[in-house]
Amino acid sequence: MISFFRKIRQKLLQENRVTRYLIYAIGEIVLVTIGILIALQINTWNEQRKDSNKEKLILQSLHSEFVVNKEKIQASIQQHEAILGCTKDLMKLFKLPDSTLKTYNLDSLIERSLDIRDLSTSQSAIEDLISSGNLNLISSENLRKLIFQWNGEIMEKNESFETLDETAQTLLLPYLIKNASLKNIDQYGSLNWKEKSRFDSPTPKMFQELEFENQLDSHAWGIANYLNALYVLREISEKIISESESTRNVDR
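Residues numbered from 1 in each chain as written. Predicted model: local features only at pLDDT ≥ 70, side-chain atom pairs only at ≥ 80, totals over all residues. Heavy atoms only, no water.

Engineer: Would you take a moment to explain the packing of helix α5 (residues 124-131) against helix α6 (residues 141-179) for this structure?
Structural biologist: Geometrically, a packed helix pair is captured by the angle between its two axes and the distance between the axes. Two numbers describe how α5 lies on α6: the axes approach to 12 Å, and their chain directions differ by 115°. Crossing angle aside, the handedness with which α5 passes α6 is left-handed. Residues I126, L129 and I130 of α5 form the contact with α6, whose own contacting residues are I147, W150 and N151. A class-by-class count of the residues in the contact of α5 with α6 yields five nonpolar, one polar and no charged. (Axes fitted to C-alpha atoms, helices over the stretch in contact; angles between N-to-C directions. Helix = DSSP H or I, 4+ residues; strand = E, 2+ residues; numbered from the N terminus. Left-handed = near helix turned anticlockwise from the far one by under 90°. Contact = heavy atoms within 4.5 Å. Nonpolar A, V, L, I, M, F, W, Y, C, P; charged D, E, K, R; others polar.)

Next up, the structure:
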């Protein structure tokens, strides 16, 4: 093709037809420019297609991960709502007569109120997305904002549980060590003791003490604070699931 154009140029010059040569040369430049632009456009289309395919894979990974995360969050919410409910039931027993307190399984209720466990979510899809620098491949600005919001709320959740756990470990548990039988409490937990402590159970006496009421109240506040963090994570996870699904189904 290049040889063909060259022969035409030479023929025009030999015939001293400069004007026609210039017109032809301009036309040739235009054709070459159009060819280059078409090649660039094709290359752009190919790159956009590759990016679109990468985005679909990212969205699928995010969607799958957050479906699992939502299930974990919901399970943790149900667990800690039950724990908070149990703690509130204990708060209703203060200053009641011993004869009434003996109708309740106080050790079981206390063990249940202490059964706090931190939520562990899957972060692999988001971590891979950010570390690889592919976050800009996500076309939905709203989804990108949700991802950053999720990371921030995960930190809030971690801080909430650290506060709850520290309060339980440094205040409530030391109080129980001095004023209750841990063996009697632990028989309803993982230790599953088959017999009670041989010491007299001092548990009912704690429900006549203001200090224990304050300890339980602080514990209940920590559980409620942790639940609030879980509620926020559940809401964000639902939005990420919905947004990733809708963005994935958009034809581009």
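Engineer: Would you explain the environment of S124 in this entry?
Structural biologist: Examined against the element boundaries, S124 turns out to sit in helix α5. One polar contact links S124 to E65, side chain to side chain, over a distance of 2.8 Å. (Polar contact = N/O pair within 3.5 Å; in protein donor to acceptor, adjacent residues only side chain to side chain.)

Engineer: I would appreciate a short explanation of the nonpolar core in the present structure.
Structural biologist: A general tendency of soluble globular proteins is for nonpolar side chains to be buried together. By size, the foremost hydrophobic cluster in this structure holds 33 residues, and its most contacted members are L62, I138, I147 and W150. Elements that contribute at least two residues to this core include exactly α2 (18-91), α5, α6 and α9 (210-248). Among residues more than four places away in sequence, those in contact with W150 are F66, N69, I73, T121, Q123, I126, L233, I236, S237 and I240. Listed in part, the 15 residues of the second largest apolar core include L93, L106, Y175 and F212. (Core = buried A, V, L, I, M, F, W, Y, C linked by side-chain atoms within 4.5 Å. Buried < 20%, exposed > 50% of the residue type's maximum accessible area, 1.4 Å probe, protein only.)

Engineer: Looking at this structure, I do not really get the pattern of salt bridges. What am I missing?
Structural biologist: Note on pairing: side chains with opposite charge can pair once their charged atoms come close. Counting across every chain of the model gives eight salt bridges. In this structure, K70 engages E238 in a salt bridge whose closest nitrogen and oxygen atoms are separated by 3.8 Å. On the criterion of sequence distance, the pair formed by K70 in helix α2 and E238 in helix α9 is long-range, its members being 168 residues apart. Among the residues examined, E238 registers a relative accessible area of 37% and is labelled partly exposed. A salt bridge links D115 to R117; its shortest N-O distance comes to 3.1 Å. (Salt bridge = Lys/Arg side-chain N within 4 Å of Asp/Glu carboxyl O.)

Engineer: What is the right way to look at the packing of aromatic side chains in this model?
Structural biologist: Centre distance and the angle of the planes are the two values used to describe a pair of aromatic rings. Counted by the stated rule, this structure contains six aromatic pairs. Arranged with centres 5.4 Å apart and planes meeting at 5°, the rings of Y175 and F212 form a pair that is stacked. Pair noted here: Y175 is in helix α6 and F212 is in helix α9, with a separation of 37 residues, a long-range link. What makes F212 buried here is its relative accessible area of 1%. What links up through ring pairs into an aromatic cluster is the set F94, Y175, F207 and F212. (Phe/Tyr/Trp six-rings, centres within 6.5 Å; stacked < 30°, edge-to-face > 60°.)

Engineer: Can you help me understand the side chain of T121 in this one?
Structural biologist: Within the secondary structure layout, T121 lies in the loop between α4 (106-113) and α5. Classification of T121 as buried rests on a relative accessible area of 15%. A polar contact is formed between the side chain of T121 and the side chain of Q123, at a distance of 3.4 Å. Excluding anything up to four places from it in sequence, T121 contacts N69, W150 and I154.

Engineer: When you look at a negative patch on the surface in this model, what are you seeing that I'm missing?
Structural biologist: A cluster of acidic side chains, namely E156, E159, E162 and E166, defines a negative patch on the protein surface. Within the element layout of this structure, E162 appears in helix α6. (Patch = residues over 30% accessible without salt bridge, like charges linked within 9 Å, V, L, I, M, F, W, Y side chains within 5 Å. Areas by Shrake-Rupley, 256 points an atom, 1.4 Å probe, with all protein chains shown as cover. Lys, Arg positive; Asp, Glu negative; His and termini not counted. Charge placed at Lys NZ, Arg CZ, Asp CG, Glu CD.)

Engineer: Which parts of the structure should I look at to understand α4?
Structural biologist: Since the α-helix advances by 3.6 residues per turn, residues separated by three or four positions end up pointing in the same direction. Those residues of α4 not exposed but buried are L106, D107, I110, E111 and S113. Mapping the buried residues of α4 onto a view down its axis gives an arc of 165°, with all of them on the same face. (Arc of directions from axis to C-beta.)

Any functional reading would require information that these geometric values do not contain.
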